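Structural features, examined
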Amino acid sequence: MSGKLYLCATPIGNLEDITLRVLRTLREVDLIAAEDTRNTIRLLNHYEIKTPMTSYHEYNRIEKAYELTDKLRDGQDIALVTDAGTPGISDPGEDLVRICYEQGIEVTSLPGAAACVTALTLSGLSTRRFSFEAFLPKEKKERAAVLEEMKDDTRTLIVYEAPHHLTATLKELFSVLGERRITVCRELTKKHETAFRTTFADAIAFYGENGVRGECVIVIEGQSRRALLQRQRESWESLTVGEHMAYYTDSGMDRKSAMKQVAKDRGVGKREIYSLLLDKNE
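Quick look at the structure, then. Keep in mind that what you see is a predicted model, and the values were worked out from it rather than measured.

1. Some words on the sheet that holds strand β9 (residues 194-199)
- Read from one edge of the open sheet, five strands run β6-β7-β10-β8-β9, paired in mixed fashion. What marks the edges here is a single partner per strand, and that holds for β6 (130-135) and β9. This sheet shows a mean twist of 20° between the axes of neighbouring strands, independent of strand direction.
- Strand direction decides the pairing type here: strand β8 (residues 181-186) and β9, joined by six bridges, are antiparallel. Residue pairing for β9: Cys 185 is matched across the bridge by Ala 195.
- Here helix α7 (residues 166-177) sits on the sheet in contact with β7 (156-161), β8 and β10 (216-220), set at roughly 15° to β10.

2. Some points on the nonpolar core
- Counting residues in hydrophobic clusters, the biggest one holds 20 residues, and the most contacted among them are Met 150, Leu 166, Leu 170, Leu 173 and Ile 220.
- Residue assignment for this core shows that the elements contributing at least two residues are α6 (140-151), β7, α7, β8, α8 (200-210) and β10.

3. Comments concerning helix α5 (residues 115-123)
- Of the residues making up α5, those classed as buried are Ala 115, Cys 116, Ala 119, Leu 120 and Ser 123. Looking straight down α5, one finds its buried side chains confined to an arc of 130°; they lie on one side.
- Looking at the buried residues of α5, the elements they touch are β6, β7, β8, β9 and β10.

4. Quick look at the side chain of Asp 36
- Inspection of the secondary structure puts Asp 36 in the loop between β2 (31-34) and α2 (37-46).
- Taking the relative accessible area as the measure of exposure, Asp 36 reaches 16% and is therefore buried.
- A distance of 2.9 Å separates a polar atom in the side chain of Asp 36 from the backbone nitrogen of Arg 38.

5. Brief notes about the pattern of salt bridges
- On inspection of all chains with the given rule, the structure shows 13 salt bridges.
- Across the salt bridge formed by Arg 73 and Asp 70, the nearest N and O atoms sit 2.5 Å from each other. Highlighted residues: Arg 73 and Asp 70, both in helix α3 (residues 63-73), separated by three residues, approximately one helical turn.
- With a relative accessible area of 41%, Arg 73 lands in the partly exposed category.
- On the basis of relative accessibility, which here comes to 37%, the residue Asp 70 falls in the partly exposed class.
- Between Asp 95 and Arg 98 there is a salt bridge, with the nearest N and O atoms lying 3.3 Å from each other. Of the two residues, Asp 95 and Arg 98 both sit in helix α4 (residues 93-102), three residues apart, roughly one turn of that helix.
- When its relative accessible area of 37% is taken as the criterion, Arg 98 is described as partly exposed.
- Here the salt bridges do not stand alone but share partners, grouping Glu 58, Arg 61, Asp 95, Arg 98 and Glu 102 into one network.

6. With respect to the packing of α6 against α7
- Look at α6 against α7: their axes get within 9 Å of each other, and the N-to-C directions meet at 55°. Judged on the interaxial angle alone, α7 and α6 are oblique. Note on packing geometry: the crossing formed by α6 with α7 is right-handed. The residues of α7 that touch α6, namely those facing Arg 143, Leu 147, Met 150 and Lys 151, are Thr 169, Glu 172, Leu 173, Val 176 and Leu 177.

The rules behind the values
Residues numbered from 1 in each chain as written. Predicted model: local features only at pLDDT ≥ 70, side-chain atom pairs only at ≥ 80, totals over all residues. Heavy atoms only, no water. Pairing = 2+ DSSP bridges. Helix = DSSP H or I, 4+ residues; strand = E, 2+ residues; numbered from the N terminus. Axes fitted to C-alpha atoms, helices over the stretch in contact; angles between N-to-C directions. Contact = heavy atoms within 4.5 Å. Core = buried A, V, L, I, M, F, W, Y, C linked by side-chain atoms within 4.5 Å. Buried < 20%, exposed > 50% of the residue type's maximum accessible area, 1.4 Å probe, protein only. Arc of directions from axis to C-beta. Polar contact = N/O pair within 3.5 Å; in protein donor to acceptor, adjacent residues only side chain to side chain. Salt bridge = Lys/Arg side-chain N within 4 Å of Asp/Glu carboxyl O. Parallel < 35°, antiparallel > 145°, perpendicular 65-115°, else oblique. Left-handed = near helix turned anticlockwise from the far one by under 90°.

Treat this as a map of the structure, not an account of what it does.
Spelled out as structure tokens, the structure:
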């Protein structure tokens, strides 16, 4: 029988933030696949775990995934751990999971620490709906596209950033999203943990003057529905009623439904749209 892949969440800072189930699993599996064995060995030494390790990281994620699935098919159980937090969240673990499913290998996830959820609950911002963006893309066009999508998102937004890029990223976010309430979380679960509740403008000024250390999670207030609706309405009002109607009818919508949608977009009654269209035709 094939072995099983265990996705084991490990601490994001404080070594006590690990479950008893993860500790037992790390001791019992045949092999631990670690994003960086130099980081993971400190955790294993702390808990006196002697299980063999192998590296699984961004630069070998596909080739090594097939090596690991060979071992799993031979009956070995493997634990996957990331540098910190939950495997598969903003790391190459998602590829190994996908390939395991393609090959019919059983996968299970052992929950625990995740920096994105920890920061969200600490932020003081809305937690009901959120969008996790991880690290913004490095490629310029993709990055610009993601930022543009974020602009109108009404959910709370979560972004990871390294300390040496924090100020530049805050400036970029400010320029696209506009002024927002934010919380910058640093050194989560560690001795010098901070949750700085502020705004883009104040954060840029503060970190520009004082610098920053430690990995950061930026939690950003979502776009208000009122502001979003107002901007959408202004966008529609830049069109004539005829152009607005054509936008929907050209996409296949019948005239009656298009008229109803145009009225909704503009915040007016359907009769008013009908009257305007009638006047135009006359």
